[in-house]
Amino acid sequence: MWALEIMIQTKEWDLKKLLFQIFVNNRAVKFIGHPAMGVFVPPLIGLYYGTLDIWGDEWGWIKNNRDVHELIFTILATLTILILFFKAISEAARGEVEKQYSKLMESMILFFNTLVKKKRDRFFNKAKHLTPTGDTFKAITQPKDQLEHVVDGTKTFLVNGFGIDPKNIGITIIQGCPQQDKWWYELKCDAQKQHTKAKVLMSGKSTAAYCFESGDSIFIPDIRKGIKEEVFFSSERSEKTGVGSIFCKPVRITVGKLEYVYIFTVAVFGQNLCLPYDEEECRACEKILDEIADRVELELYLDSIKQYRTNGGIAA
């Protein structure tokens, strides 16, 4: 049953990709939509039509070559209709993209402002109760709370900005000790949701393991491509949904002589964060996720320092 559903989804996705390439993302449509085409071409065609209508029976180069001008007229009329048709569809599609972009920007600004407000409010409230001899760092620094807020905020942002169904979102932070081959989930956006064990992911051909080895963040707009390239661990959930997107960023933090290692992951199943066949949209989506990951990394630095201090400089 799952295989049939995935096959249907794949065919629908291939059709959408084909239509996108025909009506939106190809050189011909971009050429048609160029401003110069709208400025110079219509007046020239109008001038030609007017010339045929007004002087067609008087000028020899027209009346003596009627067959040629009939062919030219037919071709221009047909091209005009086709161009208007393609342009209308392309502009409608791009109009939807612009609406989505505006909605995305509003959601992103709200997300980042909420993060700043959360930290500012905590500092404001804690500052009232600080004493000269107290532990200021311990009092005002609550990275665990802030990380939970960032993760929850990211989920809300994906729902409001990208239109993702909340049940399709999985956001996790894996922490590990590579020397001892120990890996565990430090944080999940939904504690009730079942995830593949952290050690299984880090020991297999997963996106998390790949980005940990490479040291760079990675965004896979379509997990089916990740499966083919063996950089995505196919779980029961991903096999059931068929489509999805995943982003991972490794974070290595050295405090004293200890190294703290984390993998921040944003996974979406059953939907795609962006159109996998639109390179510009994929790059924009990756930049947004990188910005979110930078906020997470900042809080992980504070959390690592706090762990180091709490454990007396001994590995957990």
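Look above for the structure.
Thresholds, definitions, all that
- Residues numbered from 1 in each chain as written.
- Predicted model: local features only at pLDDT ≥ 70, side-chain atom pairs only at ≥ 80, totals over all residues.
- Heavy atoms only, no water.
- Salt bridge = Lys/Arg side-chain N within 4 Å of Asp/Glu carboxyl O.
- Helix = DSSP H or I, 4+ residues; strand = E, 2+ residues; numbered from the N terminus.
- Buried < 20%, exposed > 50% of the residue type's maximum accessible area, 1.4 Å probe, protein only.
- Pairing = 2+ DSSP bridges.
- Core = buried A, V, L, I, M, F, W, Y, C linked by side-chain atoms within 4.5 Å.
- Contact = heavy atoms within 4.5 Å.

**Considerations on the pattern of salt bridges**
Counted by the stated rule, this structure contains 7 salt bridges. Between Lys144 and Asp303 there is a salt bridge, and its shortest N-O distance comes to 3.0 Å. In this pair, Lys144 is assigned in helix H7 (residues 143–162) and Asp303 in helix H12 (residues 279–310), connecting sequence segments 159 residues apart. Relative accessible area serves as the criterion here: at 35%, Lys144 is assigned to the partly exposed category. The residue Arg295 makes a salt bridge to Glu291 at a minimum N-O spacing of 2.8 Å. One end of the pair is Arg295 and the other is Glu291, both in helix H12 and 4 residues apart, which spans about a single turn. Taking the relative accessible area as the measure of exposure, Glu291 reaches 35% and is therefore partly exposed.

**Concerning the pairing of strand S5 (residues 258–269)**
Remark: a regular strand shows side chains that alternate across the two faces of the sheet. Of all 12 residues in S5, 11 are buried; the element is thus mostly enclosed. Inspection of the sheet shows strand S1 (residues 169–177) paired to S5 by 8 bridges, in the antiparallel sense. Within the sheet, the bridge partner assigned to Thr172 lies in S5 and is Thr265. Bridge count for strand S4 (residues 244–255) against S5 is 12 bridges, and the pairing is antiparallel. Across the sheet, the residue bridging to Thr254 is Glu259, located in S5. Following S4, the chain reverses through 2 residues before pairing antiparallel with S5; Gly256 in that reversal takes a positive phi of roughly 65°.

**Concerning the nonpolar core**
With 38 residues, the main nonpolar core has Phe157, Leu158, Phe162, Ile173, Phe264 and Leu273 as its most contacted residues. Residue assignment for this core shows that the elements contributing at least two residues are helix H5 (66–127), H7, S1, S4, S5 and H12. In terms of residues, this core owes the most to one element, H12, which gives 8 residues. Among all residues touching Ile173, those that are not within four sequence positions of it are Leu147, Val151, Trp184, Tyr185, Glu186, Leu187, Tyr262, Ile263, Phe264, Val296 and Leu300. With 18 residues, the next largest nonpolar core counts Cys211, Ile218, Ile223 and Ile246 among its residues.

These figures capture arrangement, not role.
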